[in-house]
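# Secondary and tertiary structure notes
Spelled out, the chains give:
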Amino acid sequence: MTDLPKASNPLPSQVDVVVIGAGAAGIAAARRLMRPGLSILVLEARDRIGGRAWTLRAEGEGLDMGCGWLHSADDNVLAGHVEAEGLTLDQTPPPWRTQAFDHEMTRADQAAFGEAFAAFDQRVTEAAARGEDRPASDFFDPDSRWNARMDAISGALNGARFAEVSSLDYDAYGDTGVNWRVREGYGRLIARLGEAVSSVTVTDCAVRRIDRSGPVLRLETSRGELTARIVILTVPNSLIATETVRIDPPVTALLEATAGVPLGLASKVHMTVRGAGDFQPDTQLWTRTDTAETGGYHLRPFGRPMIEAYFGADLAWGLEAQGPAALFDFAVSELVAALGSDMRRRLEAVAVSGWGVDPWSRGAYSHALPGHAADRAKLRTSVEDRIFLAGEATAPVYYGTAHGAWMEGQRAADAALIALGLDPRRDDGDSEA
Ligand SMILES: Cc1cc2nc3c(=O)[nH]c(=O)nc-3n(C[C@H](O)[C@H](O)[C@H](O)COP(=O)(O)OP(=O)(O)OC[C@H]3O[C@@H](n4cnc5c(N)ncnc54)[C@H](O)[C@@H]3O)c2cc1C
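Residues numbered from 1 in each chain as written. Predicted model: local features only at pLDDT ≥ 70, side-chain atom pairs only at ≥ 80, totals over all residues. Heavy atoms only, no water.

Looking now at the site of the ligand. Around the ligand, the structure places 40 residues, and the nearest of them are E44, R52, W69, V207 and A402. Residue A24 places a main-chain N or O atom 3.2 Å away from an oxygen atom belonging to the ligand. Between the ligand and G68, the relevant distance is 3.1 Å, taken from an oxygen atom to a main-chain nitrogen or oxygen of the residue. Relative to its free-state accessible area of 1,000 Å², the ligand is covered by the protein chains to the extent of 98%. Among the elements of the structure, helix 1 (24–33) and helix 13 (402–419) are those that each provide at least two residues to the shell around the ligand. Its residues placed into classes, the shell around the ligand shows 25 nonpolar, eleven polar and four charged. (Near = heavy atom within 4 Å. Polar contact = N/O pair within 3.5 Å; in protein donor to acceptor, adjacent residues only side chain to side chain. Areas by Shrake-Rupley, 256 points an atom, 1.4 Å probe, with all protein chains shown as cover. Helix = DSSP H or I, 4+ residues; strand = E, 2+ residues; numbered from the N terminus. Nonpolar A, V, L, I, M, F, W, Y, C, P; charged D, E, K, R; others polar.)

A few words on the sheet that holds strand 17 (residues 306–312). Strand order in this open sheet of five strands is 15-16-17-14-18, and the pairing throughout is antiparallel. Unpaired on one side and paired on the other, strand 15 (283–286) and strand 18 (347–352) mark the two borders of the sheet. When strand polarity is set aside, the average angle formed by the axes of neighbouring strands in this sheet is 25°. The pairing of strand 14 (residues 266–273) with strand 17 spans seven bridges and is antiparallel. By the bridge assignment, H270 is partnered in strand 17 with E308. Across the sheet, helix 9 (residues 313–322) touches strand 14 and strand 17, and the angle it forms with strand 17 is around 105°. (Pairing = 2+ DSSP bridges. Axes fitted to C-alpha atoms, helices over the stretch in contact; angles between N-to-C directions. Contact = heavy atoms within 4.5 Å.)

This part is about the environment of L56. Following the sequence through the fold, L56 ends up in strand 3 (residues 55–58). Classification of L56 by relative accessible area gives partly exposed; the value is 22%. Apart from the residues within four sequence positions on either side, L56 is in contact with E61, G62, L63, M65 and A351. (Buried < 20%, exposed > 50% of the residue type's maximum accessible area, 1.4 Å probe, protein only.)

Taken in spatial order, the three strands of this open sheet run 5-7-6, and their pairing is antiparallel. Looking along the sheet, the strands with just one partner apiece sit at the ends: strand 5 (69–70) and strand 6 (89–90). Here strand 5 pairs with strand 7 (residues 180–182) via two bridges, running antiparallel. In the strand pairing of strand 7, L70 is matched with W180.

Moving on: the packing of helix 1 against helix 13. Relative to each other, helix 1 and helix 13 sit at 40°, their axes nearing to 7 Å. Between helix 1 and helix 13, the angle is such that the two are oblique. Crossing hand, helix 1 versus helix 13: right-handed. Contact with helix 1, carried on its side by A24, A25, I27, A28, A29, R31, R32 and L33, involves A402, A405, W406, G409, Q410, A413, D414 and L417 of helix 13 and no other residues of that element. (Parallel < 35°, antiparallel > 145°, perpendicular 65-115°, else oblique. Left-handed = near helix turned anticlockwise from the far one by under 90°.)

With that settled, consider empty space enclosed by the protein. Considering all chains together, one arrives at three cavities of 30 Å³ or more under this definition. Volume-wise, the largest cavity comes out at about 70 Å³. Its volume calculated, the second largest cavity comes out at about 60 Å³. Lining of the second largest cavity is provided by I240, E243, V245, R246, I247, P250, V251, L254 and L255. Put simply, the parts of the chain that give the lining of the second largest cavity at least two residues each are strand 12 (246–248) and helix 8 (252–260). (1 Å grid on protein atoms, 1.4 Å probe; cavity = no way out; pocket = protein on both sides within 12 Å on 5 of 7 lines; lining within 4 Å. Points joined across faces, edges and corners; volume = space filled by probe spheres on them.)

The linkage connecting D248 with the following residue, P249, adopts the cis geometry, with an omega of -5°. In this model, S72 sits at a positive phi of 45°, which is unusual for a non-glycine residue. Using a relative accessible area of 0% as the deciding quantity, one classes S72 as buried. Unlike most non-glycine residues, F302 shows phi in positive territory, near 60°. Along the chain, the position of F302 falls in the loop between strand 16 (296–299) and strand 17.

This part takes up the pattern of salt bridges. Two side chains carrying opposite charge are able to pair once their charged atoms lie near each other. Throughout the structure, instances matching the rule amount to 31 salt bridges. Taking the shortest distance from any N to any O, the salt bridge between R134 and D138 comes out at 3.1 Å. For D138, a relative accessible area of 39% puts it in the partly exposed group. (Salt bridge = Lys/Arg side-chain N within 4 Å of Asp/Glu carboxyl O.)

Of all nine residues that make up helix 6 (residues 186–194), seven are buried, and the element is covered over most of its length. Among the residues making up helix 6, those that are buried are Y186, G187, L189, I190, A191, L193 and G194.

Attention now goes to the side chain of H403. For H403, the position within the fold is in helix 13. A distance of 3.2 Å separates the side chain of H403 from the side chain of N76, its partner in a polar contact. The residues touching H403, leaving out its near neighbours within four places in the chain, are H71, S72, D75, N76, V77, L78, Y186 and Y398.

Now for the packing of aromatic side chains. Using the criterion set out here, one finds 15 aromatic pairs in the structure. Here the aromatic rings of Y297 and F311 are separated by 6.2 Å at their centres, their planes lie at 80°, and the arrangement is edge-to-face. Within this pair, whereas Y297 is found in strand 16, its partner F311 is found in strand 17, the two being separated by 14 residues in sequence. Take F311: its relative accessible area is 0%, and that puts it in the buried class. (Phe/Tyr/Trp six-rings, centres within 6.5 Å; stacked < 30°, edge-to-face > 60°.)

This is the structure we're talking about:
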């Protein structure tokens, strides 16, 4: 967190456009809006930009606390920025589909699991074609022995169990199957891209209220008030649903739609491991198949002498509520049970995420509740053509991702420009799709 913009800009009393939040969506929107004759301001509550894209520097490495993978990398608007920003694009395939050294799962078991998951996905797709929006777990084979493990994976994919996930929304997610990484960190990439708008970005500035009762919007912030013609609101849905950022008078349809697309939770523990040579670089270990309350362990990411634990859904909420030590202890207990008691002295915690307890996220990424797949589109409907929502939760296909949030920031900026009577065609030097 050393090379990020500082909260040094004083707030002007009025601007044309305020972008609330400097995560991927907010940064993308601001880059699109930067042009002569238009005054814009990005207000960010935290003391850093990037939001849920955040690379922490530790052990001489960039460790991603939030997004780490350029999902659908061959169709990802951010992929082209990596090398352009002087960072390293890593195309090592992800290890998710394999079990490290076939631990407690034969190759046949792994294949059987893969087939069960594919069959489940197929049933969900067929139901989506019929327009059905049900709990995705309705499409489990009740006799399958793999349902608990699929729910553990749902925790990582959706931040929630399949029973809480809309089958229609789950089916709408776009996955090309290609996943790459940024060696120095995905969060680092987003922060770099944010440097282009640092002159209009104010950190340590939380917006509390957007008063829409008058001809201009009036914003109350932790650093005073200002007015704007247009607001692009990119804070996580969880903060709109709970009115941490309050639109006044409230917009009932919007509040209901944010509640229909809540944030689930995923938590990470980065650990060093002694004797790392025992493990193949970039492999994946799931220690249990009989419960959803289990973590996934990425062994030696980028070949580092480290393990990255990933917990989702109820397990993550429960552990985060107990504090960072509980997450590390849980990871150690599972790795000891799977690999032997000497793992206890070989592991050391380096960094533990806490997105669920973080007041500026209150979760990791969004999923639509059963029956609420249509709510993402409702979130894309502006309020009076002057308050535009954007973020991972408003993305129709690439929801839950950094590049989905980025594209939504651009979409909202274009809508804002049209509302202002300006040409949304890119003359801002931001040439990505
Ligand atoms: C553990 C984890 C793993 C993930 N893995 C991946 C992955 O591998 N690949 C991927 O593509 N995505 C991944 N994601 C998701 C990805 O990080 C997010 O979808 C994306 O970063 C969201 O961007 P955003 O702009 O919508 O929201 P945010 O990044 O949350 O940005 C919103 C900003 O608003 C600010 N804010 C909040 N309240 C206020 C306020 N009142 N006033 C002013 N500012 C405010 C916040 O501080 C924040 O900076 C992961 C997320 C997590 C948590």
